[in-house]
Amino acid sequence: MPLTNKIQAHSESGSHGQRPHQQQVLRLDDIALACLGRLLFAGEEVAPVGAEQTYLYHRYQPLRHLVDVAGALHRTLADPQPIDVPIATLARLLSLSAIEVVALVMALLVEEDPMIGRVFAQLPAPVGGSRPVLGMIEAALTSLDGGGWVSGRLLGGAALRCGVLQRINEQAPLPEQGLKIPLGLALLLRGHPWFWPGTAAVTPEEQIPLPLSLHEMADRQAEALQGGPHTVLVIRSGSAREARAVAQLVAARLKREALLISPDVVDFSGLGPACLLAGRLPVFEFAHGAMEHPSLPQLAGYDGPRLALAGADGQVRCERGTVVQWTLLPPSREERNQLWNDALHQPHLAAQLAGAHIHSAGRIAELAQLAQRQASLQQRQQLQVTDIRQAAWELESGLLGTLAQPLPTAIPDEALVLSKTVNQELQQLVARCRWREDLNTSLGATIQARYQQGVRCLLVGPSGTGKTLVAGWLATTLGLPLYRVDLASVVSKYIGETEKNLATLLSRAEHCEIVLLFDEADSLFGKRTDIKDSNDRFANSQTNYLLQRIEFYRGIVLLTSNSRERFDTAFTRRLDKIIDLPLPSPQERRALWQSHLGSDHHLNTKEINQLAVSSDLAGGHIRNAVLSAAVAAKDSAQPLRLAHVLLGLRGEYRKLGRQFPAELSGLDTSTTSPGALPTP
């Protein structure tokens, strides 16, 4: 008869009237020690020898007349004393046999009473030791539950299979192998606080406010988790803090407590039964790196729901059970407004931030906390938009690692000198970025079915036409950080590493809501080639992945190139906008010269006009010429004059391998500049 049925039978038989003395409920410790005492003191009167035997003798004496040990065990498990409630509960949950329960108690006693370990060393057994060995357990428990081979029944039982008991010295003969109990489970069985290396609870600091939509979805997810055994819910988020808070929310709906588990360092043996006993919901935390395929560990003895926290990319594998995906999307504008207002208590600023930035709940909590610290350092009670933006720069500084470098310089409107057509294109791009969240709400079903919030723009133009400057201006206008992708860190010679690096970059950037700049993007997103060998096949495979991943990216991506012809037609289809930045016209070059020279120079209007008409250079080259001219002026301790500019301009033409304009060569520099400056 299974132990659970025996417990019920004994409970029913003892429920009427007063129990006789010999059927009183004992502690499980007493029953285990009674089994040990019989090995030394059963039969004829045997006097104890030594402190260890004396200790056991005094514990055994009150129980020496206990005839029905199995019956006493069943009564104790059916109606346990307070100290034995956790063990009785565990025995019921795992359907442990009588032999397993007593062996478990013996292993537990060793952990809390040093004399018990010394007693085991004194007992007759194939080998001495401070833990119970299978040979000793065989001798002590043979008649406990129907006889038979005790060691074999232990090896095939739930206690060892679930990790409640663990074998030690497994290379030794079976009778010499010992048993132990995981320390965390031993503490739990005696009512101590949770202790398990590699696990942790969700701290109060991680209990961030969550929008109502997440609360409602957590209710539905928790209800679905109760539908069947071995269900795994993968919570995907760019914010580890938000994912933990949501996991705790789901656990609370299941009337449990979330247990964060690190798969890399934890010993899983016995953890499943411990979670059952303590009412913990296992939550496996995987690194938020993209393109990883972690395998969810199995918890022997636990068939309840499990959670896994992961990034946006990659696949969580599970050998047993149903895997359900839940991606945490940014809350709506109204919910973001409420979250910002709850964190900052500034309604106007909250509305401004909610409308301008699509942040997750975890990101809002992080930014608000750091921004309040910034304002406190400056002894201000009220926060400003600049505090939030500075906080965003600080949070992203280490998140992207070496994959992208920040471009923190703000680019004002005055620094951008472009044609009217290009300016109109850029204003349309700004509008597209600002309205990207709900652009599809009033459009047709076809657009809504495939609409993505991301904005992808290609800036095309010759070198020096201001593509990077435009990217900086766009990020400044939108109030977002700008990061330039480091192609040397992203591109790898190893197969699959480039895709992995790019997926990691995009996954982290989506969470941060930053503007990503791919300079010379044709090196990554170039045309696919005809397949002639395996290298072409892998190159095309890499391009295919990049095209697909960039299409579903929810952030803002800017790409630059000198020619649109270098891109695959499938890629240009995925772009929202292509802006051509041609070489500037004479009028634009004049504005560029004035913008670069500033106001502290000695060039007249006629000289600036002549430079604009005669030097057909892009803005980047004009910048270099002005910097060289400024160096020459500083070196000669003179104001900046035309002669200095011509000197810098000649050097720029030499760099380009082009002939210096004859119109500028004919200028008489001796009349426009000091004689101390040599004629170039």
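Residues numbered from 1 in each chain as written. Predicted model: local features only at pLDDT ≥ 70, side-chain atom pairs only at ≥ 80, totals over all residues. Heavy atoms only, no water.

**Student:** Help me out: how do you make sense of the overall build of the chain in this one?
**Tutor:** Across its full length, the chain holds 32 helices and 16 strands. Expressed as a percentage of its 680 residues, the buried residues of the chain come to 49%. Within the chain, contacts between residues at least 6 apart in sequence are counted, and of these 71% link residues at least 24 apart. Total accessible area computed for the chain in this model is approximately 31600 Å², and 51% of it derives from carbon and sulfur atoms. (Helix = DSSP H or I, 4+ residues; strand = E, 2+ residues; numbered from the N terminus. Buried < 20%, exposed > 50% of the residue type's maximum accessible area, 1.4 Å probe, protein only. Contact = heavy atoms within 4.5 Å. Areas by Shrake-Rupley, 256 points an atom, 1.4 Å probe, with all protein chains shown as cover.)

**Student:** Quick question: what am I supposed to make of the packing of aromatic side chains here?
**Tutor:** To describe a pair of aromatic rings, one takes the distance between the centres and the angle between the planes. Scanning the entire structure with this criterion turns up six aromatic pairs. Ring centres of Phe-41 and Tyr-60 lie 6.1 Å apart, and the angle between their planes is 25 degrees; this geometry places the pair in the stacked category. Separated by 19 residues along the polypeptide, Phe-41 in helix α2 (residues 28-41) and Tyr-60 in helix α3 (residues 50-60) bring together distant segments of the chain. Here Phe-41 and Tyr-60 have matching classes, each one buried. Every member of this aromatic cluster is reached through a ring pair, and the members are Phe-41, Tyr-57 and Tyr-60. The residue whose ring lies beneath Arg-650 is Phe-660, and the NZ or CZ to ring-centre distance is 4.2 Å. (Phe/Tyr/Trp six-rings, centres within 6.5 Å; stacked < 30°, edge-to-face > 60°. Lys NZ or Arg CZ within 6 Å of the ring centre and 35° of its normal.)

**Student:** Quick question: what am I supposed to make of α2 here?
**Tutor:** The α-helix advances 3.6 residues per turn, and as a result positions three or four apart in sequence lie on the same side. When the terminal C-alpha atoms of α2 are compared, their 20 Å separation across 14 residues agrees well with the 20 Å that a helix rising 1.5 Å per residue should span. Counted residue by residue, α2 has eleven buried out of 14 residues, so it is predominantly covered. Looking only at α2, the buried set comprises Leu-28, Asp-29, Ile-31, Ala-32, Leu-33, Ala-34, Cys-35, Leu-36, Gly-37, Leu-40 and Phe-41. Those residues of α2 that are buried lie in contact with α3, α4 (69-78), α5 (85-94), α6 (98-112), α7 (114-122) and α8 (134-141). (Expected span 1.5 Å × (residues − 1).)

**Student:** Even after reading the chapter, I still don't get a nonpolar patch on the surface, so can you show me in this structure?
**Tutor:** A cluster of nonpolar side chains, Trp-435, Leu-439, Leu-443 and Ile-447, forms an exposed patch at the surface whose accessible area comes to about 380 Å². Residue placement: Ile-447 occurs in helix α20 (residues 445-450). (Patch = residues over 30% accessible without salt bridge, like charges linked within 9 Å, V, L, I, M, F, W, Y side chains within 5 Å. Salt bridge = Lys/Arg side-chain N within 4 Å of Asp/Glu carboxyl O.)

**Student:** Help me understand the packing of α2 against α6 in this model?
**Tutor:** To describe two helices that pack against each other, one gives the angle between their axes and the distance between the axes. At a closest axis distance of 9 Å, the pairing of α2 and α6 adopts a crossing angle of 100 degrees. With respect to α6, the axis of α2 lies roughly perpendicular. Of α6, the residues touching α2 (which contributes Leu-28, Asp-29, Ala-32, Leu-33, Cys-35 and Leu-36) are Val-101, Val-102, Val-105, Met-106, Leu-109 and Glu-112. The residue inventory of the contact of α2 with α6, partitioned by class, reads ten nonpolar, no polar and two charged. (Axes fitted to C-alpha atoms, helices over the stretch in contact; angles between N-to-C directions. Parallel < 35°, antiparallel > 145°, perpendicular 65-115°, else oblique. Nonpolar A, V, L, I, M, F, W, Y, C, P; charged D, E, K, R; others polar.)

**Student:** Explanation requested: the packing of helix α17 (residues 361-377) against helix α18 (residues 385-396) in the structure shown.
**Tutor:** α18 packs onto α17 with a crossing angle of 115 degrees between their chain directions and a minimal axis gap of 8 Å. Relative to α18, the element α17 is oriented roughly perpendicular. For the pair α17 and α18, the sense of crossing is right-handed. For the pair α17 and α18, contact is made by Arg-363, Glu-366, Leu-367, Leu-370, Ala-371, Gln-374 and Ala-375 and by Asp-387, Ile-388, Gln-390, Ala-391, Ala-392, Glu-394, Leu-395 and Glu-396, respectively. When grouped by side-chain class, the residues that make up the contact of α17 with α18 number eight nonpolar, two polar and five charged. (Left-handed = near helix turned anticlockwise from the far one by under 90°.)

**Student:** Would you mind going over the nonpolar core with me for this structure?
**Tutor:** Nonpolar side chains in soluble globular proteins tend to be buried together. The biggest cluster of nonpolar side chains holds 127 residues, and the ones touching the most others in it are Met-106, Leu-141, Ile-235 and Trp-340. A per-element tally of this core places α6 first, with twelve residues. Once residues lying within four places of it in the same chain are set aside, the contact partners of Ile-235 are Ala-243, Val-246, Ala-247, Leu-307, Ala-308, Leu-309, Ala-310, Trp-326 and Leu-328. In terms of nonpolar packing, the next biggest core, distinct from the first, is built from 30 residues, Val-460, Leu-505, Leu-547 and Leu-575 among them. (Core = buried A, V, L, I, M, F, W, Y, C linked by side-chain atoms within 4.5 Å.)

**Student:** Hey, could you run me through the sheet that holds strand β13 (residues 482-485) in this one?
**Tutor:** In a beta sheet, neighbouring strands are held together by backbone hydrogen bonds and run either parallel or antiparallel to one another. If you trace the six strands from one edge of the open sheet to the other, you get β11-β13-β14-β15-β12-β16, paired in mixed fashion. Among the strands making up the open sheet, the edge pair consists of β11 (404-406) and β16 (577-580). Each neighbouring strand pair of the sheet contributes to a mean axis angle of 25 degrees, computed without reference to strand direction. One ladder, built from three bridges, connects β13 with strand β14 (residues 515-518); its direction is parallel. Counted as the bridge partner of Tyr-483 is Leu-516 from β14. Across the sheet, helix α19 (residues 420-434) touches β12 (455-460), β15 (556-561) and β16, and the angle it forms with β16 is around 155 degrees. Most of the contacts of helix α21 (residues 467-478) go to β15, to which it runs at about 165 degrees, and overall it touches β12, β13, β14 and β15. (Pairing = 2+ DSSP bridges.)

**Student:** What exactly am I supposed to notice about the pairing of strand β6 (residues 280-285) here?
**Tutor:** On a regular strand, one side chain projects to one face of the sheet and the next to the other, so that they alternate. In terms of residue burial, β6 counts as a mostly covered element, since five of its six residues are buried. Relative to β6, strand β5 (residues 257-261) is paired through five bridges, and the arrangement is parallel. When the bridges of β6 are listed, Ala-258 appears paired with Leu-281. Taken together, β5, helix α14 (residues 271-278) and β6 constitute a β-α-β crossover, and its handedness is right-handed. Here three bridges tie β6 to strand β8 (residues 306-310), and the two strands are oriented parallel to one another. Each bridged residue has a counterpart across the sheet, and for Glu-285 the counterpart in β8 is Leu-309. (Right-handed = clockwise from strand over helix to strand, strands pointing away.)

**Student:** Quick question: what am I supposed to make of the sheet that holds strand β10 (residues 322-327) here?
**Tutor:** Pairing within the open sheet is mixed, and its six strands lie in the order β3-β5-β6-β8-β4-β10. Across the chains shown, the open sheet's two edge strands, defined by having one partner strand only, are β3 (199-201) and β10. With strand direction ignored, the average angle separating the axes of adjacent strands in the sheet is 30 degrees. Across the sheet, helix α12 (residues 212-225) is in contact with β4 (231-236), β8 and β10; its angle to β10 comes to roughly 180 degrees. Its contacts with the sheet put helix α13 (residues 240-253) on β4, β5, β6, β8 and β10, and the angle it makes with β5 is roughly 140 degrees.

**Student:** In this structure, what is going on with the confidence of the model for the chain? I would like to understand it.
**Tutor:** Predicted coordinates in regions of low pLDDT should not be interpreted in detail. Per-chain confidence: the chain averages 83 in pLDDT, with 88% of residues scoring 70 or above. By mean pLDDT, helix α1 (residues 3-13) is the weakest element of the chain at 40, and α5 is the strongest at 95. Across residues 528-534, confidence stays below pLDDT 50; counting only partners more than four residues off in sequence or on other chains, it has twelve contacts. Taken together, the stretch residues 670-680 has pLDDT below 50 and engages in 13 contacts with residues farther than four places along the chain or on a different chain. (pLDDT = per-residue confidence, 0-100.)

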